[in-house]
Amino acid sequence: SIESRQEQQQISENILEILLCMSLPFLVGLWFIGSDLLQLVYGAEFSGAQLPLRIAAAALIFLPFSRALSHVMVANGLERLNLIEVIVTNTLGSILGVFLISRYQLVGAATTDLAINILGFCQFTFVVHRRIFPVRFWTVLYRPLIVSGLMALLFLLLHHQQIWLTLLISLPVYCLLALAY
């Protein structure tokens, strides 16, 4: 019924907004301090892993959509289409992975992961849009983009600070922003 579709859409959009309020600021944090975190946790020999980390972190844009919309499809009896997504994504991801990883090593692995997430995102949003309800991107991205933008400003202000101080300030600020929105 139309009412249940509207309820599903509202619940799905709320879930997407919550997931994006977690993933997008995390992406921003990884972009600004990911290299410092790698060095803090693993040592200086991991300083060269910043590019693969940034590439892999970009998947955080698409992952919430794939997770949430996959459940929407199953809830609406579209398990076969969900299975088709898995088959298509794994097949193309495997082929792409063999080529990219053998040629570009860690950067190739991160790029493969990003490509798989983009492919899943495209498939899920297409099926949900065509079969169930349109995904209103602006509705689900508005608050997460505000929180992420404010976190980016904070990281810019703390750019030259020690990693511990940056973490000590940014984590409570993120919690406050997440609660406020």
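Residues numbered from 1 in each chain as written. Predicted model: local features only at pLDDT ≥ 70, side-chain atom pairs only at ≥ 80, totals over all residues. Heavy atoms only, no water.

Student: Would you take a moment to explain the overall build of the chain for this structure?
Tutor: Across its full length, the chain holds six helices and zero strands. Starting at the N terminus and walking to the C terminus, you meet the elements of the chain as α-α-α-α-α-α. Considering the chain as a whole, with its 181 residues, one finds that 40% of them fall into the buried category. Contacts spanning at least 24 positions in sequence make up 77% of the contacts within the chain whose residues lie at least 6 apart. Surface exposure of the chain reaches about 10,900 Å², of which carbon and sulfur atoms provide 69%. Seen as two clouds, the 9 positive and the 9 negative side-chain charges of the chain have centres 9 Å apart. (Helix = DSSP H or I, 4+ residues; strand = E, 2+ residues; numbered from the N terminus. Buried < 20%, exposed > 50% of the residue type's maximum accessible area, 1.4 Å probe, protein only. Contact = heavy atoms within 4.5 Å. Areas by Shrake-Rupley, 256 points an atom, 1.4 Å probe, with all protein chains shown as cover. Lys, Arg positive; Asp, Glu negative; His and termini not counted. Charge placed at Lys NZ, Arg CZ, Asp CG, Glu CD.)

Student: Would you mind showing me how to read the side chain of Thr166 here?
Tutor: Counting through the fold element by element, Thr166 comes out in helix α6 (residues 163–180). Those residues in contact with Thr166 that sit more than four places away from it in its chain are Ile33, Phe155, Leu158 and Gln161.

Student: Looking at this model, I keep getting lost on the nonpolar core. Mind explaining?
Tutor: Soluble globular proteins: nonpolar side chains tend toward being buried together. Phe65, Leu69, Met73, Val128 and Ile132 are the most contacted members of the largest nonpolar core, which totals 27 residues. Only α1 (2–42), α2 (50–57), α3 (63–75) and α4 (79–131) provide two or more residues apiece to this core. Considering each element in turn, this core owes the most residues, six residues, to α4. When neighbours within four sequence positions are excluded, Leu69 is seen to be in contact with Leu16, Phe124, Thr125, Val128 and Val135. Ranked by size, the runner-up nonpolar core spans twelve residues in total, among them Met151, Ala152, Leu158 and Leu167. (Core = buried A, V, L, I, M, F, W, Y, C linked by side-chain atoms within 4.5 Å.)

Student: Is there a simple way to think about α3 in this case?
Tutor: Each α-helix winds once per 3.6 residues, and so residues spaced three or four apart point in a common direction. An ideal rise of 1.5 Å per residue puts 18 Å on 13 residues; α3 measures up with 19 Å between its terminal C-alpha atoms. Where α3 terminates, the next one or two residues include Gly77, which has phi positive at roughly 75 degrees. (Expected span 1.5 Å × (residues − 1).)

Student: Help me out: how do you make sense of unusual backbone geometry in this one?
Tutor: A negative phi angle characterises most non-glycine residues, just as the trans form characterises most peptide bonds. Its identity as a non-glycine residue notwithstanding, Gln105 has a phi of 50 degrees, on the positive side. Position of Gln105 relative to the elements: it lies in helix α4.

Student: How do you make sense of the packing of aromatic side chains when you look at a structure like this?
Tutor: The relation between two aromatic rings is expressed through the spacing of the ring centres and the mutual angle of the planes. One pass over the structure, following the stated rule, counts seven aromatic pairs. Taking the centre distance of 5.0 Å and the plane angle of 35 degrees together, the rings of Tyr42 and Phe46 count as tilted. Judged by relative accessible area, which is 38%, Phe46 ranks as partly exposed. Look at Phe65 and Phe137: their rings are 5.6 Å apart centre to centre, the planes differ by 50 degrees, and that puts the pair in the tilted class. One end of the pair, Phe65, is in helix α3; the other, Phe137, is in helix α5 (residues 137–157), with 72 residues separating them in the sequence. Overall, Phe65 belongs to the buried group, its relative accessible area being 3%. Look at Phe137 and you get partly exposed, because its relative accessible area is 33%. (Phe/Tyr/Trp six-rings, centres within 6.5 Å; stacked < 30°, edge-to-face > 60°.)

Student: What am I meant to see in the pattern of salt bridges here?
Tutor: By the definition in use, this model includes two salt bridges. Here Arg143 and Glu17 are joined by a salt bridge, their closest N and O atoms 3.0 Å apart. Of this pair, Arg143 sits in helix α5 while Glu17 sits in helix α1, and the two are 126 residues apart along the sequence. (Salt bridge = Lys/Arg side-chain N within 4 Å of Asp/Glu carboxyl O.)

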